[in-house]
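# Observations on the three-dimensional arrangement
Take a look at the letters that make up each chain.
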Amino acid sequence: MHAQSIEQTLIQAYRNNPDLNAARAGVRVANEGVPAALSGYRPSVNATVTAAGQYTESASGSILGAPGADRTLRTMPRSASITATQPLFDGNRTTNTVRQADQNVLVARETLRNTEQTVLLASATSHMNVLREQAVLDLRRRNVEVLREQLRATRDRFNVGEVTRTDVALAESALQAAVAAATGAESDLANSRSVYIQQVGIAPGRLTPARTIERLLPRNLDGAVITGQSEHPAIRGARHGADAQMLQVRIAESALYPTLGLSATVTRSAEQTGPATQSFSAAVGATLTIPIFANGGRDYATIRQAKEAYGQRRIQIETAAASVRQAVMQSWAALEASRAQIQAAEVQVRAQEIAVNGIREEYKVGQRTIIDVLNATQTLTEARVALVRAQRDRVVLSYSVLAAMGRLSGSRLALRTDIYDPTVHYDQVRDLWIGVRTPDGR
């Protein structure tokens, strides 16, 4: 089976993860808001065509004995008109709406960055979790084999009268406990594999161990905090959201300003009442609307509501900044602790291996009991498991620190795949006037 590195795992997730693809679609949706806002600057042209048929009968009574007269009238009026309107001034509503649409695009891009970080971190974590559970399962199975051999040797010694039935029972109990632990490790591995498939979209093959990405991190915690405060998409998105809400205040205030528009209409009509008659007309005019007390005061309430919403968005910036600071400090401390844990676990494993070998030799000459051997063997297994977990934690936490800083992305990790550029679609649709097909042909 072909070995799969963590980079290949991240590439698969970057290409196929549905949450990430949905966030990219969300950016494209926000991009379409810009040409929709720009339409406020553009003219509107409408054509109207009407046609009708009318039939009328009338009768008049006799006058001074003269017979009455019946009258029939058939008419077929038809008309066609084209009306064009061009807004000249709308209280800066369109200007602020366009600026707000651009801010919404930036919010969507930061949301995409945040989703990308979440997906890449989850994928790296699932990769390391599968490796960890596989390594733990191998250790548990190896421990089962060691204890099975220990039980066989204990039974042989019991048969020749060197140990008691109690020693055999202790060995059997330790073996069954190891079997149960191995079964639990199999379940943990299956669970990790299912999470991997959910995040990456494919089943994990033979995964290769991954290295930490601490080379991409600042040298100290202060640098990491400063970077997080300036670059994290949650903070930047909150700032753009506040700017968009500030523009919403100005859009609401535009309802209090006068509006000016230009309109032109061309009409051609025809009416057939015997001899056909036709007419042609054209009109051009300007309309100035000055609001005095419109909508029963609702516009004033809308303005106040928008201002309160803007204040709320400003507070959310502070909330995001505090959350990012806490995440950076927490993940940084955990990463430093994992380094110390690896060093301690390595020393413990080496020392415990020496201890186990010595206790087994002492047991053979009667200086140690079977419980000493079993306890030492179990301690060695747990020390090895702790080392595997600490090694996994260090790799995952290096990704966590980078994500907490707002720098975990496909481009910064130099993934060997096409990096999604949200500005391409924006440039394609921003100045479109007509058309229902999307740039990808749908």
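Residues numbered from 1 in each chain as written. Predicted model: local features only at pLDDT ≥ 70, side-chain atom pairs only at ≥ 80, totals over all residues. Heavy atoms only, no water.

The next thing to look at is unusual backbone geometry. Despite not being glycine, Asn92 has its phi angle at roughly 65 degrees, a positive value. The phi torsion at Asn295 lies on the positive side, around 60 degrees, for a residue other than glycine. On the secondary structure map, Asn295 appears in the loop between strand 8 (276-289) and helix 7 (298-364). (Helix = DSSP H or I, 4+ residues; strand = E, 2+ residues; numbered from the N terminus.)

Before going further, it helps to spend a moment on helix 8 (residues 370-404). Given a rise of 1.5 Å per residue, 35 residues ought to cover 51 Å, and the 50 Å separating the end C-alpha atoms of helix 8 matches this to within 8%. Just past helix 8, the residue Gly406 takes up positive phi, approximately 85 degrees. (Expected span 1.5 Å × (residues − 1).)

With that settled, consider the environment of Thr423. Summarising the element assignment, Thr423 is placed in helix 9 (residues 422-429). Look at Thr423 and you get partly exposed, because its relative accessible area is 27%. Each C-alpha atom, one on Thr423 and one on Val27, is 9.5 Å from the other, the two residues being 396 residues apart in sequence. A distance of 2.7 Å separates the side chain of Thr423 from the side chain of Asp421, its partner in a polar contact. (Buried < 20%, exposed > 50% of the residue type's maximum accessible area, 1.4 Å probe, protein only. Polar contact = N/O pair within 3.5 Å; in protein donor to acceptor, adjacent residues only side chain to side chain.)

Note that Ala153 resides in helix 3 (residues 93-159). Sequence-wise, Ala153 and Ala171 are 18 residues apart; in three dimensions their C-alpha atoms are separated by 9.7 Å.

Residues Leu10, Tyr399 and Leu413 are the most contacted members of the largest nonpolar core, which totals 58 residues. Of all the secondary structure elements, the ones that give two or more residues to this core are helix 1 (6-16), helix 2 (18-38), helix 3, helix 4 (165-200), helix 5 (221-231), helix 7 and helix 8. Per-element accounting of this core gives the leading share, 14 residues, to helix 3. Filtering out sequence-adjacent residues up to four positions away, Tyr399 remains in contact with Ile6, Leu10, Leu121, Ala124, Ile213, Leu408 and Leu413. Residues Val163, Ile359, Leu380 and Ala390 belong to the second largest nonpolar core, which totals 24 residues. (Core = buried A, V, L, I, M, F, W, Y, C linked by side-chain atoms within 4.5 Å. Contact = heavy atoms within 4.5 Å.)

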